[in-house]
Amino acid sequence: MRALVITGPGRAEVVDLEPPVAAPGQVVVEVERVGVCGTDVELFTGEMSYLHSGHAWYPLRPGHEWCGVVTALGDGVGPGWLGRRVTGDTMLGCGRCRFCGDGLHHVCPDRAEIGIRRGFPGALAERLAVPARALHALPVTIDATMGALVEPGGSALRAVRGAALQPGDRLLVLGTGTIGLLVALLARARGAEVHLIGRDEPTLRLARGLGFAGAWTRASLPSLQWDAVVDASNAADLPALALDLVRPAGRVVYVGLAGSPSRIDTRDLAFKDVTAVGVLSGSAGLAGTIEAYADGSVDARPLVAATVGLDDAAGVLAGSRPAGAGPGPKIHIDPRR
Ligand SMILES: [Zn+2]
Ligand SMILES: [Zn+2]
């Protein structure tokens, strides 16, 4: 089968590999669609922190935002999975430690992460082997585009939950990338008044096209009371801005990751009696995201700018935008092309 492999910083190629076999407890998925995200780009450039902490290494096959159809079952997997359209949790806990026992497998110290950590091969391939315990079934109302947007949606939904919004609360989202826009869409579906800050006009146009009249630059942001602020940016100074802007006794949620230390002054946190929440993964938000996509309350498809084949994946990782790409922040890969 064909698969994309990152062989070193700035180097990726499509290679021919033996297709995976479903080990006990695993299924093999024929991959329909894969999203490329900032983590994949950092794995390609060599900046991703796991490459420096020893949790990830080359060669590496990326791809953790995916959907596909189950085509083979390993021993011990229920027959009901065969032929199902699925997506899956990136985080694969050890299954034995206290975190795993408490449903917190996404912070298991011994976890693998599909396409990211501990060499677990990712979805940028025609086929992917996945533990059945990581699977989430997709209803037919969720197409391949939305199916590959469940994983980032999970992180966004957990950020929305972290904001603990009450009906009518006003939320400010910092960043108009995939996570920022998904946070905005999911929070609006829950009845919040949502505003966003974006870097420039083109990204704000997309937000406005999604119906967010309150799409601002940092300079044009009106002085309103923000009940919660979600930082979904990769800017090192915005976490502190989130804390600066939130109302007293409000909540700040940190789901964005900057490439350099992004510090806050805890005196601001204490003086304002603010609750801060960090979100690492979408694990506990995947089921809720599938519900929000399936019931039509959130349509995330405008976020996808283009869908290209595996041969174009290395270029996408290197930052090139496919010809004819729309305004969305997300590029999808169809490994069957
Ligand atoms: Zn991702
Ligand atoms: Zn564990």
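This structure is a prediction, so every number in the text was calculated from the model and none was measured.

Draft legend 1. Highlighting helix 8 (residues 238-245). Of the residues making up helix 8, those classed as buried are Leu238, Pro239, Leu241, Ala242 and Leu243. Tucked into the core, helix 8 has its buried residues touching strand 10 (170-174), strand 13 (226-231), strand 14 (246-254) and helix 9 (266-271).

Draft legend 2. The pattern of salt bridges, seen in detail. Tallying each qualifying case throughout the model produces 16 salt bridges. Between Glu65 and Lys330 there is a salt bridge, with the nearest N and O atoms lying 2.7 Å from each other. Of this pair, Glu65 sits in strand 4 (residues 65-73) while Lys330 sits in strand 17 (residues 330-334); the two residues are 265 residues apart in sequence, bridging distant segments of the chain. For the pair Glu65 and Lys330, a shared accessibility class is recorded, and that class is buried. Between Arg247 and Asp227 there is a salt bridge; the shortest N-O distance is 2.7 Å. With Arg247 in strand 14 and Asp227 in strand 13, the pair connects residues that are 20 residues apart, well separated along the chain. Using a relative accessible area of 24% as the deciding quantity, one classes Arg247 as partly exposed.

Draft legend 3. Representation of the packing of aromatic side chains within the structure. Inspection of every chain in the model, using the stated rule, returns 0 aromatic pairs. Across the ring face of Tyr50, the terminal group of Arg117 is positioned such that the distance to the ring centre comes to 5.0 Å. Over the ring of Phe212 we find Arg188, and its NZ or CZ is 4.1 Å from the ring centre.

Draft legend 4. Spotlight on the coordination of the zinc ion (ligand 2). Protein-derived ligands of the zinc ion (ligand 2) are Cys94 (SG), Cys97 (SG), Cys100 (SG) and Cys108 (SG), with the metal-ligand distances lying across 2.3 to 2.4 Å. One way to put it: the 4 donor atoms around the zinc ion (ligand 2) meet at angles of 105 to 116°, and that makes the site tetrahedral. All donors to the zinc ion (ligand 2) come from one chain, and their sequence spacing reads C-x2-C-x2-C-x7-C. Residue Cys94 is found in the loop between strand 6 (91-92) and helix 3 (98-101), and its partner Cys108 is found in the loop between helix 3 and strand 7 (112-113); the two are separated by 14 residues along the sequence. Among the residues examined, Cys94 registers a relative accessible area of 18% and is labelled buried. For Cys108, a relative accessible area of 0% corresponds to the buried category.

Draft legend 5. Representation of the UniProt feature "domain: Alcohol dehydrogenase-like C-terminal" (unreviewed entry) in the protein within the structure. Within the UniProt annotation, "domain: Alcohol dehydrogenase-like C-terminal" (unreviewed entry) is assigned to residues 179-283. In the segment residues 179-283, helix accounts for 32% and strand for 25%; the C-alpha atoms at its two ends are 15 Å apart.

Draft legend 6. Focus on the pairing of strand 3 (residues 26-36). A large share of strand 3 lies buried, amounting to 10 of its 11 residues. Bridge count for strand 3 against strand 4 is 8 bridges, and the pairing is antiparallel. For Gly35, the partnering residue across the bridge sits in strand 4 and is Glu65. Direction of pairing for strand 3 relative to strand 17: antiparallel, over a ladder of 3 bridges. Each residue of the ladder has a partner; that of Val34, found in strand 17, is Ile333.

Draft legend 7. Highlighting the environment of Cys97. Secondary-structure assignment places Cys97 in the loop between strand 6 and helix 3. Along the backbone, Cys97 and Val140 are 43 residues apart, and their C-alpha atoms lie at a distance of 36 Å. Leave out the neighbours within four places in its chain, and Cys97 touches Cys108 and Pro109.

Draft legend 8. Inspection of unusual backbone geometry at higher detail. The peptide bond linking Tyr58 to Pro59 adopts the cis configuration, its omega dihedral lying at -5°. Phi at Ala164 is positive, roughly 45°, even though this residue is not glycine. Of the residues examined, Ala164 reaches a relative accessible area of 34% and is grouped as partly exposed. Even without being glycine, Ala249 reaches a positive phi, approximately 65°. If you trace the backbone, Ala249 turns up in strand 14. Overall, the relative accessible area of 47% leaves Ala249 in the partly exposed class.

What counts, and at which threshold
Residues numbered from 1 in each chain as written. Chains lettered and ligands numbered in written order. Predicted model: local features only at pLDDT ≥ 70, side-chain atom pairs only at ≥ 80, totals over all residues. Heavy atoms only, no water. Buried < 20%, exposed > 50% of the residue type's maximum accessible area, 1.4 Å probe, protein only. Helix = DSSP H or I, 4+ residues; strand = E, 2+ residues; numbered from the N terminus. Contact = heavy atoms within 4.5 Å. Salt bridge = Lys/Arg side-chain N within 4 Å of Asp/Glu carboxyl O. Phe/Tyr/Trp six-rings, centres within 6.5 Å; stacked < 30°, edge-to-face > 60°. Lys NZ or Arg CZ within 6 Å of the ring centre and 35° of its normal. Donors = N, O, S within 2.8 Å, 3.2 Å for Na, K, Ca; no water. Tetrahedral: all angles 85-135°; square planar, octahedral: opposite > 155°, others 65-115°. UniProt positions renumbered as here; feature names shortened; annotations may be inferred. Pairing = 2+ DSSP bridges.

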